[in-house]
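Listed below are the residues making up each chain.
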Amino acid sequence: MSRDIYLPQMARIEKIIPENPQIKTFVLCFVDEDFNSSFSYEPGQFMMVSVPHCGEAPISFSSTPTRPGNIELSVRLAGKLTGAMHELRLGDLVGLRGPFGTPFTMDKLSDRNLLFVAGGIGLAPLRGVINYCLDKGGYGKITLLYGSRAPDDIAFSADIKLWQKKGIDCQLSVDTAAEGWNGHVGVVTTLLAGLEIENPKSSLLCGPPIMIKFCLPELSKMGFTDKEIITTMERHMKCGIGVCGHCYLDNKLVCVDGPVFDLAQLKAH
Amino acid sequence: MAGLATTFGSGAMTNSIAEIGRAEVILVIGSNTTEAHPQVARRIFDALDRGSKLIVIDPRRTALARQAHIHLQHRPGTDIPLLNCLMRLILDDNLHDDVFIEMRTENFNQLRDMLFRLDPREKAAVANVPLSRIKQAAELYGRASKAVICYCLGITQHICGTDNVQSIANLAMLTGNVEKADTGVDPLRGQNNVQGACDMGALPGVFPGYQAVGDIIIREKFARAWQTELPARPGLTLLEMTHSQGKTIKGMFIMGENPLLSDPTLARVRDTLEKLEFLAVSDIFLTETAELAHVVFPAASFAEKTGTFTNSERRVQMVRQAIKPPGQCRTDSDIISALSRRLGYEMNYESTAEIMEEIALLTPVYGGMYHDRLESSWGLQWPCFDRRHPGTEFLHKYNFARGRGCFVPAAHQLPGEQPDREYPFLLMTGRVYHHYHTAAMTRACARLNRESPEALLEINPVDAGSLSLVAGEMVKLATRRGSIKLKILISEQVAEGMLYTSFHFTEAPVNLLTNASSDPKSKCPEYKICAAQVEKII
Amino acid sequence: MNGFILKKDNLVPLLRKLRKGGRLVAPVQNRHGDTMFTAIEDFDRQHIDLKNQAQASLKPFFFPQEEPLYTYQNKKGYDFKPVNSSEPTIFFGLRSCDLTAILYMDVIFSQKSPDPFYFERRREAVLISLGCSRPFANCFCNNSRSGPFLEYGFDLQFTDLGHCFFVEADRARGEELLERWSCYFTPATEEDCRNKYQVVLEARSSFKQTVHVDQAIKKLTADIDLESIWKELSSRCQDCGGCAYICPTCTCFTIVDQPVDDTHGTRLRQWDSCTFAGFTRMAGGHNPVDYADHAIRRRFLHKLKTDVEKHGRPSCVGCGRCVGICFGGVDMIRFIKMVNELPAEEGK
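Residues numbered from 1 in each chain as written. Chains lettered and ligands numbered in written order. Predicted model: local features only at pLDDT ≥ 70, side-chain atom pairs only at ≥ 80, totals over all residues.

Undergrad: What's the story with the overall build of chain C in this structure? I'm lost.
TA: For chain C, the count of helices and strands is 13 helices and 13 strands. Since a compact globule built from 348 residues should have a radius of gyration of about 20 Å, the 22 Å found for chain C is in line with a globular shape. Taken along its principal axes, the extent of the C-alpha atoms in chain C is 65 × 65 × 40 Å. Of all intrachain contacts in chain C linking residues separated by at least 6 positions in sequence, the fraction that spans at least 24 positions is 69%. (Helix = DSSP H or I, 4+ residues; strand = E, 2+ residues; numbered from the N terminus. Rg over C-alpha atoms; globule rule 2.2 N^0.38 Å. Contact = placed C-beta atoms within 7 Å.)

Now the structure itself:
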């Protein structure tokens, strides 16, 4: 029997992209080259990241498997482990276990118009999905609504520019404006008003619980069915394989039954 | 301590903890029992399951208050008017115990006269509790044939702490709820051995067993045993030492205490410690206080030594060394003996059992406590006068220790500091379940620290709203003495205008803010009340 | 099924032989009067206690309260070394509830892929259970279908017939033991089998607690409103975690790094409990669970609802240990009684 299920693989930091003052994207390569070249994952899955003395925490892929060779994890400064990660430099090593979790069912989304709604670090897992759609093709019109606290907090701006060039309708909003901000002000849900997405459609959400809560009724009003509202959840996790119990959500475990759920699944408990 | 000693003749819990579970009515006042004394709370739950009634008097809506049949959520610092009002209503309803008062107590007239002079309506208004609720409590407590009162630091850590305690004793005596099984007045002691430390004379004016240093016969007894002359004058109280700021004290030896987190007005404590010519600290961790010391003695933990602890119900229990002290650590008795030897007084004990023999010899209430007796039992409760004495389950059986119980009427006193325009909030301090005192030990335990990682300031939703604070926001909490930053917890546990936090966290040492005013009799500082302001951090 | 008889005089001699094949763990009463599962070093000085319920189950022997998973050093990278710790062990005198709990853990620890640490110990364990002819004060295994006697799952099951033990085997390892040590056993007669049956019947009728587990499960499945129960019990819960630690089927854990020095440390797995607020609190402080009112919701729903849906049976084995340990009376028996006292209502 393999003793490996809790054993992290070492990965080297190839690049660090500061996305905003709280978020950094780490581009990582597994030290073991064979492992690195055979490693595969799907959008929506996550890795357990180890930093010495800090234990492990789950971080979603912000990269897409359509671009193999390395993986990207975007980390927001929140606690001890993420704090330690932000201290790391190029060439440093972290431990990685995974991939874990039920991914987005990308083939079921093909030919559909996709509405992405993200708040803060919530754009990280959706970034992987958006890039996947662009790389693979075969998806309908893509719209992104992205909310941040303030203009300085807007993350992934390089990606957003690129997406706009590729025809994605990107609408940004900030909770509180600052000087020089000409865009929308208000919580991201306010962007939903007046938006029309043609059928067949699906919406993919990720953000703070309060954002999700306010989005749901709006999306229903816009005609999204429960199965067409898909979200990815964040929870405290320790094992990633459905044993340790920390990520329970009613009768489900987010690490194996999720982190991707559609609203119909969330309502059934 | 001083309060119960005056009225009953002894300052300890009169009951055994198990008795609480058998009482008909339990009145809990100034005690967050579920968080600070879970083993006592367990008995209260047992009693509730048997159908007993629970009255909680507390400014906060604690978990226990939510379980209570009656919760009187009074204004902090108004215990005396509330209790006086309660007693007056008991008298009005004729629920007092005439026979008990006649046979067992003295000075009742003075209390009665005071009670008949007061206006219950006005007192209820002062305490900010509806009179009808107090009346319900009076009936419940007054009619019970077996009632127990538990109190804790919410009573004693006030400028009028001693008077608060005496008022509680008055209430118990008025209804005859002492001297019998399953009735009594129970101060719940904080640390596992604070009772033992007091028993052993870790108080300014007494030798072990509460024997006064002023008493020449007693002094001579100890002088003969210890072969040295002993001072007749009581020593200094806590704040007389830690607030002396270079005036009286030149050197200090602090054992297992961390005044630089636990004592009020920390700026003064720091100044005092920094002005000392010499400071030695003995502790198991390098505490905030130990960091200032010239010499630190690494001490052994509870698991690394053999001896006894005395718990709140006066029960003396053995602890046995489970593991050897690591590195250079030594047990407390070892450190004291070695230090004493260097200072020229030979302390030579072959074991802690020998020390216990000396305690038994010199301390009447511990007269029958020997390690061999304690070894294979759940311990003995003092008083235990000789080897054949079985120990004492509850105090004052048939007779108060001082003869008759003495009613000492008390009047309302304003706290040392009241909210005003500049500092509009009333700040209370206390403890959380997961941390122990200055958390030197518990914050080193990853799990406990995970459960309670930081100081939280409880604030009522209305107040949070008017300051436009959101859940979990960092705020600046200030009093006239200083300010700290901490996270808020919006909670209906505290009433409007009140704040509550704990003192465990060195990152947010609330005792920088607390007031140095203290009870003139017990010298216990008023940790429970000071005026404060809350400011949003922008 | 073929039964055998072991004379009581032959119990210790048999165990002495078995101990040569590995560590022998049995309920032993210590000098403070507590009965605990303990490794037998010396038959003359350790008293095997088959009269009292062991205070803790066998959980810690398979899933220790704290175990090192790896040691690590981060001088050159971040090197993990697995820690090995397991030895062949014969467990004697475990009860049906404890055995059922182990069978449950077998399922839990093989969810996605088998847990190597658990199964290393499990593979090396021989389980010799003792059916409960006299249930203990808080037992209700007859209501939770985990006792007092089992039909399967044991290597050997002992039944106390008064003057001797009736012994039966369910798994190959048990058969092997019977064969290897056949000198100690005699085949059971028909009368022995009848006596055994009688003991089982009497045991079933001598429970001191009647706890309608099935009725509660039905109500929970119907999604009745339990808010009042959660509130009441959560305010009684004193957050000690004792219920989860003592529970033979509570398997939640946490993984933490314990630094030894700047560059070395140990990655530990430790028991955890869903009753702790830190169990679900995320970095940054947000907690998706409202602990003030729901501290114990997960504990009871997991055992009586989620596991019924997932594994077809509740994961409470009716050992009653949580009844004895809880400070606030927040135990399985009280919960089930509270649920059953709620008026029945239509599903929400």
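Undergrad: Sorry if this is basic, but what is going on with the overall build of chain A here?
TA: Looking only at helices and strands, chain A has seven helices and 15 strands in total. In terms of overall dimensions, chain A is globule-like: its C-alpha atoms have a radius of gyration of 18 Å, near the 18 Å expected for 269 residues. Projected onto its principal axes, the C-alpha positions of chain A cover 55 × 45 × 35 Å. Out of the 269 residues belonging to chain A, those deemed buried represent 50%. Residue pairs in contact within chain A that sit at least 24 positions apart in sequence constitute 68% of those at least 6 positions apart. (Buried ≥ 20, exposed ≤ 12 C-beta atoms within 10 Å, placed from the backbone.)

Undergrad: Whenever I open this one, the arrangement of the chains confuses me. Can you help?
TA: Counting contacts across all two pairs of chains that touch, the top-ranked interface belongs to chains A and C. Separated in space, chain A and chain B share no contact, their closest pair of C-alpha atoms being 11 Å apart.

Undergrad: What is the right way to read the nonpolar core from this model?
TA: Inside soluble globular proteins, nonpolar side chains tend to come together where they are buried. Residues and elements named next belong to chain B. Core analysis: the biggest nonpolar cluster contains 229 residues, and Ile26, Leu86 and Ile168 have the highest contact counts within it. Ranked by residue count, the leading element in this core is helix α6 (residues 79–92), at eight residues. For Ile168, the contacting residues outside a window of four places in its chain are Ile29, Leu83, Ile149, Tyr151, Ile155 and Val185. Formed by 42 residues, the second largest nonpolar core is a distinct cluster that contains Leu260, Leu266, Leu279 and Ala508. (Core = buried A, V, L, I, M, F, W, Y, C linked by C-beta atoms within 7 Å.)

Undergrad: What is the right way to look at the domain arrangement of chain A in this model?
TA: Interface size is commonly expressed as the accessible area that is lost once the parts come together. Residues and elements named next belong to chain A. In terms of domain boundaries, chain A breaks down into domain 1 (4–100) and domain 2 (106–267). The centre of domain 1, based on its C-alpha atoms, is set 21 Å off from the matching centre of domain 2. Taken together, the contacts link 23 residues of domain 1 with 24 residues of domain 2. Every element with two or more residues in the side of domain 1 that touches domain 2 is listed here: β1 (9–20), β3 (46–51), β4 (55–60), β5 (71–76) and β6 (93–100). Within the side of domain 1 that touches domain 2, the residues separate by chemical class into nine nonpolar, nine polar and five charged. (Domains from an automatic or database assignment. Nonpolar A, V, L, I, M, F, W, Y, C, P; charged D, E, K, R; others polar.)

Undergrad: Explain the interface of chain C and chain A to me, please; I cannot follow it from the model alone.
TA: Listed as interface residues are 37 residues of chain C and, on the opposing side, 33 residues of chain A. Elements represented by at least two residues in the side of chain C that touches chain A include exactly β5 (66–73), β6 (79–82), α4 (116–123), β12 (253–259) and α11 (297–311) of chain C. Ranked by residues supplied to the side of chain C that touches chain A, first place goes to β12 of chain C with six residues. Split into classes, the residues belonging to the side of chain C that touches chain A amount to 21 nonpolar, nine polar and seven charged.

Undergrad: How do you make sense of the domain arrangement of chain C when you look at a structure like this?
TA: All names here are of chain C. In terms of domains, chain C is made up of domain 1 (3–64 + 72–204) and domain 2 (213–341). One C-alpha centre belongs to domain 1, the other to domain 2; they are set 26 Å apart. The partner domain 2 presents 21 residues to the 26 residues of domain 1 that form the contact. At eight residues, helix α3 (residues 96–108) tops the list of elements feeding residues into the side of domain 1 that touches domain 2. Across the side of domain 1 that touches domain 2, the residue classes tally to 13 nonpolar, nine polar and four charged.

Undergrad: Would you explain the confidence of the model for chain C in this entry?
TA: In low-pLDDT regions, the fine details of the predicted coordinates are not to be read closely. Of the residues in chain C, 96% have a pLDDT of 70 or more, and the chain-wide mean is 91. Across the whole predicted complex the pTM is 0.88, and at the interface the ipTM reaches 0.90. (pLDDT = per-residue confidence, 0-100.)

Undergrad: Would you explain the environment of His264 of chain C in this entry?
TA: Secondary-structure assignment places His264 of chain C in strand β13 (residues 264–271). Spatially, the C-alpha atoms of His264 of chain C and Phe279 of chain C are 26 Å apart, while their sequence positions differ by 15 residues.

Undergrad: Where do I start with the pairing of strand β2 (residues 23–29) of chain C in this structure?
TA: Regular strands have side chains that alternate between both faces of the sheet. Residues and elements named next belong to chain C. When you tally the buried positions in β2, you get five out of seven residues, the bulk of the element. Sheet topology note: the β2/strand β7 (residues 89–94) ladder contains three bridges and is parallel. Residue pairing for β7: Val25 is matched across the bridge by Phe91. Of the pairings in the sheet, the one linking β2 to strand β3 (residues 35–39) comprises five bridges and is antiparallel in character. The partner of Pro27 across the bridge, within β3, is Phe37. (Pairing = 2+ DSSP bridges.)

Undergrad: So what exactly am I meant to see when it comes to the interface of chain C and chain B here?
TA: In this complex, chain C contributes 13 residues to the contact, which on the side of chain B involves 14 residues. Class assignment for the residues of the side of chain C that touches chain B results in five nonpolar, six polar and two charged.

Undergrad: What is the right way to read the sheet that holds strand β12 (residues 307–310) of chain B from this model?
TA: Across a sheet, paired strands are connected by hydrogen bonds in the backbone, their directions being either parallel or antiparallel. All names here are of chain B. Across the sheet, which stays open at both edges, the three strands sit in the order β12-β13-β14 with antiparallel pairing between neighbours. Looking at the sheet topology across the chains shown, the edges are occupied by β12 and β14 (380–381). Where strand β13 (residues 315–319) lies against β14, two bridges are found, and the strand directions are antiparallel. Across the sheet, residue Val316 finds its bridge partner in β14, namely Leu380.

Undergrad: It is not clear to me how the sheet that holds β4 of chain A should be interpreted in this structure. Could you clarify?
TA: Residue and element names in this part refer to chain A. Pairing is antiparallel across the open sheet formed by six strands, whose spatial order is β4-β3-β6-β1-β2-β5. The open sheet has two edge strands, β4 and β5, and neither has a second partner. The sheet shows a mean angle of 40° between the axes of neighbouring strands, direction not considered. Here strand β2 (residues 23–30) runs beside β5; their pairing, made up of six bridges, is antiparallel. Residue pairing across strands places Ile23 opposite Arg76, the latter belonging to β5. (Axes fitted to C-alpha atoms, helices over the stretch in contact; angles between N-to-C directions.)

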